[in-house]
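Okay, here's what each chain looks like letter by letter:
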Amino acid sequence: MADEVRVEPADVRDVPVILDLIKALAEYERLAHEVLATEAGIRESLFGSTPHAKAVIARVRSEAVGLAVWFYSYSTFLSRRGLYLEDLFVLPAWRGRG
């Protein structure tokens, strides 16, 4: 199907796309003035020697239409790892399509 959504792990080549989607999320939330992220910061924090988080990008054909960013947490009470979903964002034009 031509509009099939693929969700793929982000890699370092996706840094500009990730920043664009972060800015789109901030714009949607009316928080664009709070975005301090840069390509260099994203490159280091997601793909540097000690990555702090992971990301996946949703694509339709070659267009990036969404982003999820998460990191692992740890519960001392449970003595196990968890996952914290920081952001899940789909461009408004691509919402409601299943």
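Our structure is the block above this text.
Cut-off values and rules
Residues numbered from 1 in each chain as written. Predicted model: local features only at pLDDT ≥ 70, side-chain atom pairs only at ≥ 80, totals over all residues. Heavy atoms only, no water. Helix = DSSP H or I, 4+ residues; strand = E, 2+ residues; numbered from the N terminus. Buried < 20%, exposed > 50% of the residue type's maximum accessible area, 1.4 Å probe, protein only. Contact = heavy atoms within 4.5 Å. Areas by Shrake-Rupley, 256 points an atom, 1.4 Å probe, with all protein chains shown as cover. Pairing = 2+ DSSP bridges.

Notes on the overall build of the protein chain
Next, step 1: Scanning the protein chain for helices and strands turns up two helices and four strands.
Next, step 2: The helix and strand sequence of the protein chain, counted from the amino end, reads β-α-α-β-β-β.
Next, step 3: Along the first, second and third principal axes, the C-alpha atoms of the protein chain reach 45 × 30 × 25 Å.
Next, step 4: Looking at the protein chain as a whole, 29% of its 98 residues are labelled buried.
Next, step 5: The long-range fraction of contacts in the protein chain, counting pairs at least 24 apart against all pairs at least 6 apart in sequence, stands at 49%.
Next, step 6: Carbon and sulfur atoms provide 56% of the accessible area of the protein chain, an area that totals close to 7,000 Å².

Side note on the environment of Gly 96
Next, step 1: Residue placement: Gly 96 occurs in the segment after strand S4 (80-90).
Next, step 2: In this structure Gly 96 comes out as exposed when scored by relative accessible area, which is 82%.
Next, step 3: In this structure, the C-alpha to C-alpha distance between Gly 96 and Val 35, residues 61 residues apart in sequence, is 27 Å.

A closer look at the pairing of strand S2 (residues 54-60)
Next, step 1: Burial analysis of S2 places six of its seven residues in the buried class, the great majority of the element.
Next, step 2: When S2 meets strand S3 (residues 63-75), the two strands line up antiparallel, connected through seven bridges. Bridge pairing links Val 56 to Ala 68 in S3.
Next, step 3: Here S2 folds back onto S3, and the loop between the two strands holds two residues, one of which, Arg 61, carries a positive phi near 55°.

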